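Results of the structural survey
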Amino acid sequence: MPLGYKGSYQRVRAYLHDKHTSLRPVTARPPSPRAVAGWILRHPDTLPEPEQIQLKAVRTHCPELDARTRHVRSFATMLTERHGERLPDWLDAVRQDDLPSLHTLAAGIDRDREAVIAGLTLPRSSGVVEGHVNRIKMLKRQMFGRAGFDLLRKRVLLA
């Protein structure tokens, strides 16, 4: 018994023509979560106008995302302009909103509040030292089980 469509080409063509020309509402694809996160994390002045418009639309449709955006941007301002003295007010504002992910961040910051305030205020940074430690750990992982301390020492000193 043969399988397949037994109708004519004209019937298929008419069906597809009706589907193609039917009036269906055209909706724009919603932006991906990655795109929205990128828009939130970038400085507002660097966003192109179409992305600013899309972000504004997303923020008006989702009040939680709007609150999260406000908190992230105010923290970024504290970070870039070195206003660590504003951290307690920022933490209080975060706790007032119902945003569990930011509550977790706030709890982590509270555990070492003085160090975070110092990091947000003082011009000195341990970033260079942390970078060297990270590089040494990477070298150690690469050589695990293959070489001894002498070769590790030479790679660290020569790099």
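Our subject is the structure that appears above.
The text that follows walks through the structure, step by step, so that each part is easy to find. (Residues numbered from 1 in each chain as written. Predicted model: local features only at pLDDT ≥ 70, side-chain atom pairs only at ≥ 80, totals over all residues. Heavy atoms only, no water.)

**Overview of the overall build of the chain**
Note the cut-off: Helix numbering and strand numbering both begin at the N terminus, where a helix is a DSSP run of H or I of at least 4 residues and a strand a DSSP run of E of at least 2. Atoms counted for the radius of gyration: C-alpha only. Globule rule: 2.2 Å times the number of residues to the power 0.38. The rule is simple: take the accessible area with a 1.4 Å probe, protein chains only, and divide by the maximum for that residue type; under 20% is buried, over 50% is exposed, in between is partly exposed. What makes two residues a contact is simply this: any of their non-hydrogen atoms within 4.5 Å. Computed with the Shrake-Rupley method and a 1.4 Å probe, the accessible areas treat only the protein chains shown as cover for residues. None of His or the chain ends enter the tally, which takes Lys and Arg as positive and Asp and Glu as negative. The location of each charge is read from NZ of Lys, CZ of Arg, CG of Asp or CD of Glu.
Counting its regular elements, the chain contains nine helices and zero strands. Walking the chain from its N terminus toward its C terminus, one meets helices and strands in the order α-α-α-α-α-α-α-α-α. What you see for the chain is a C-alpha radius of gyration of 28 Å, clearly larger than the 15 Å of a compact globule of 159 residues, by over 25%. Along the longest, intermediate and shortest principal axes, the C-alpha atoms of the chain span 80 × 50 × 30 Å. For the chain, the proportion of its 159 residues judged to be buried stands at 16%. Contacts spanning at least 24 positions in sequence make up 42% of the contacts within the chain whose residues lie at least 6 apart. Carbon and sulfur atoms form 60% of the exposed surface of the chain, whose accessible area is close to 13,000 Å². The average position of the 27 basic charges and that of the 17 acidic charges among the side chains of the chain differ by 13 Å.

**As for the side chain of Thr 69**
As for its placement among the helices and strands, Thr 69 is situated in helix H4 (residues 63-81). Classification of Thr 69 as buried rests on a relative accessible area of 0%. For Thr 69, the residues in contact, after removing those within four places along its chain, are Ile 40 and Arg 59.

**Quick look at the packing of H4 against helix H5 (residues 87-96)**
When two helices pack together, their arrangement is given by the angle between their axes and by how far apart the axes lie. Stated precisely, the cut-off is as follows: Angular values range over 0 to 180 degrees, each being the angle between N-to-C directions of two axes fitted as lines to C-alpha atoms, with helices fitted over their stretch in contact. For classification purposes, an angle smaller than 35 degrees is called roughly parallel, one larger than 145 roughly antiparallel, one from 65 to 115 roughly perpendicular, and anything else oblique. Note on residue classes: Ala, Val, Leu, Ile, Met, Phe, Trp, Tyr, Cys and Pro are nonpolar, Asp, Glu, Lys and Arg are charged, and everything else, Gly too, is polar.
Packing of H4 against H5 brings their axes to within 11 Å, and their N-to-C directions diverge by 170°. Between H4 and H5, the angle falls in the class roughly antiparallel. Of the residues in H5, those in contact with His 71, Ser 74, Phe 75 and Met 78 of H4 are Leu 87, Trp 90, Ala 93 and Val 94. A class-by-class count of the residues in the contact of H4 with H5 yields six nonpolar, two polar and no charged.

Note that every value here comes from positions in space, so none of it alone points to a role or purpose.
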